[in-house]
Each structure stands twice: as C-alpha cells, then as structure tokens.
Amino acid sequence: MVRWARADELPGLVSIELAADRLFEQVGIVFPPGTTMIEEAADPGAVLVEGEPPDGFALIGWVDGGLHLDQLAVRPESMRQGIGGRLVTAVIDHARAAGAPGVTLTTYRDVPWNAPWYARHGFTPMPEAEWGPQLRALVEHERELGIEIAPRVVMRRRP
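No experiment lies behind these values; they were computed from the predicted model shown.

A. Inspection of the pattern of salt bridges at higher detail. If you walk through the whole model with that rule in mind, you get 14 salt bridges. Across the salt bridge formed by Arg3 and Glu9, the nearest N and O atoms sit 2.6 Å from each other. Residues Arg3 and Glu9 agree in their burial class; the two are buried. Between Glu52 and Arg6 there is a salt bridge, with its nearest N and O atoms 3.1 Å apart. Of this pair, Glu52 sits in the loop between strand S2 (47–51) and strand S3 (54–63) while Arg6 sits in the loop between strand S1 (2–4) and helix H1 (10–22), and the two are 46 residues apart along the sequence.

B. Expanded view of the sheet that holds strand S4 (residues 66–74). With respect to topology, seven strands assemble into an open sheet ordered S1-S2-S3-S4-S5-S7-S6, the strand pairing being mixed. For this open sheet the edge positions go to S1 and strand S6 (124–125), each flanked by a neighbour on one side alone. Sheet topology places S1 next to S2; three bridges connect them, and they run antiparallel. The residue bridging Trp4 from the neighbouring strand is Leu48, located in S2.

C. Up close: the pairing of S3. The element S3 is extensively covered by neighbouring structure, given that eight of its ten residues are classed as buried. Two elements, S2 and S3, share five bridges in a ladder whose sense is antiparallel. Among the inter-strand pairings, Val49 is bridged to a residue of S3, identified as Phe57. Linkage of S2 to S3, two consecutive antiparallel strands, is achieved through a turn of two residues. Inspection of the sheet shows S3 paired to S4 by eight bridges, in the antiparallel sense. Each residue of the ladder has a partner; that of Gly56, found in S4, is Val74. Taking the residues between adjacent antiparallel strands as the criterion, S3 and S4 are bridged by two residues, where Asp64 takes a positive phi near 50°.

D. Molecular detail of helix H2 (residues 83–97). Here H2 is 15 residues long and its end C-alpha atoms lie 21 Å apart, about the 21 Å a rise of 1.5 Å per residue gives. When we look at burial in H2, the residues that qualify are Ile83, Gly84, Gly85, Leu87, Val88, Ala90, Val91, Ile92 and Ala95. Trailing H2 by a residue or two, Gly99 shows a phi angle of about 80°, which is positive.

E. Spotlight on the nonpolar core. Formed by 23 residues in total, the largest nonpolar core has its most connected members in Leu69, Leu72, Val88, Val91, Val103, Tyr118 and Phe123. Only S3, S4, H2, strand S5 (103–108), helix H3 (115–120) and strand S7 (152–157) provide two or more residues apiece to this core. The element best represented in this core is H2, accounting for seven residues. The contacts of Leu72, once residues within four sequence positions are left out, are Phe57, Ala58, Gly84, Leu87, Val88, Trp117 and Tyr118. Grouped together as the second largest cluster of nonpolar side chains are 14 residues, Leu10, Ala46, Phe57 and Leu59 included.

F. View of the side chain of Thr104. Considering the arrangement of structural elements, one finds Thr104 in strand S5. The exposure class of Thr104 is buried, given its relative accessible area of 10%. A polar contact is formed between the side chain of Thr104 and the side chain of His68, at a distance of 2.7 Å. Other than its neighbours up to four places away in sequence, Thr104 contacts Leu67, His68, Leu69, Met126, Met155 and Arg156.

G. Summary view of H1. Helix length check: H1, at 13 residues, gives a terminal C-alpha distance of 19 Å against a target of 18 Å (1.5 Å per residue), a fit within 8%. When we look at burial in H1, the residues that qualify are Leu10, Leu13, Val14, Ile16, Glu17, Ala19, Ala20 and Asp21. Residues of H1 that are buried make contact with S2, S3 and S4.

Cut-offs used in this document
Residues numbered from 1 in each chain as written. Predicted model: local features only at pLDDT ≥ 70, side-chain atom pairs only at ≥ 80, totals over all residues. Heavy atoms only, no water. Salt bridge = Lys/Arg side-chain N within 4 Å of Asp/Glu carboxyl O. Buried < 20%, exposed > 50% of the residue type's maximum accessible area, 1.4 Å probe, protein only. Helix = DSSP H or I, 4+ residues; strand = E, 2+ residues; numbered from the N terminus. Pairing = 2+ DSSP bridges. Expected span 1.5 Å × (residues − 1). Core = buried A, V, L, I, M, F, W, Y, C linked by side-chain atoms within 4.5 Å. Contact = heavy atoms within 4.5 Å. Polar contact = N/O pair within 3.5 Å; in protein donor to acceptor, adjacent residues only side chain to side chain.

Put into structure tokens, the structure is as follows:
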C-alpha cells in the first residue's frame, strides 16, 4: 500500500536509493560521490513510500507549476513486484488531485528500467521548447552534478 512517509522513515530511505543506484553500474553508469536526493528531503509530505518498513519511495516536488518526480527508488530485492508502478500511479493520482497539469521527470534515455519503463507508464519525451525555466534550471543542475553520464531525457505525463 502506498502512503506518505513518516519523518522517522526518511533516514532509512537512503539505503534504498544507494542500492538502486548501484544497479546502474551494470550498464556502465557510476554516479559521482555526494549526497543522495532523499538525504536532501526534509519534508515527509514530499515522499510516498510502499511497505512497512518501506521497500520503495517516490520523492516529488513542484517545477514550473507541475508535479515533478525527483526520484523513484525500489530496494533491488523487492523489484519486479509492481512497487515502482504503484508509486508512479500514486504520484499521478496526487498530481491529478492537486490540479497539476502533469508530472515531469528526468531520466536516462537508454537504460531499460528508466525511460522505456516510464514510457510503459504513459510518459512521453517532452520537447525542450516546452520546458519552463525551473525545469531548464533543474536539467542544468543535473549536468553540473555530473549525473549526465549517459543520454538523458525529460519526460512528461498528463494526469
């Protein structure tokens, strides 16, 4: 069951993000050292989780007036059980309930569990001409952090 995270659960989500990030090594992507995205999240009201204790999470925020999926991570041993799909559905449902015009995200274009997976969940590439100033700044920030190790894409789904 997907639910909002509790504040005391946020520190435990770091291990999920780190374990999920290590999966990228099998496709030649090694992230630069630094803090995880979930470590920077102070508001449990921006984090959806599934499991008790959580097996996965979705970190969300607002970008250019729309909901943005900052991070989706599932514990590797819990993958392929529908957790990621249920989290994405909950994010889309939240966007709809909040009146957001859609959900955006940035991801690796060619990694099978990234852009192709999101495409199966209704996301489509978003042309750069349609990016707002905050989304443009977010993409630039990702480049500065050094995570654009492989081709990335901005995707969007209308609620």
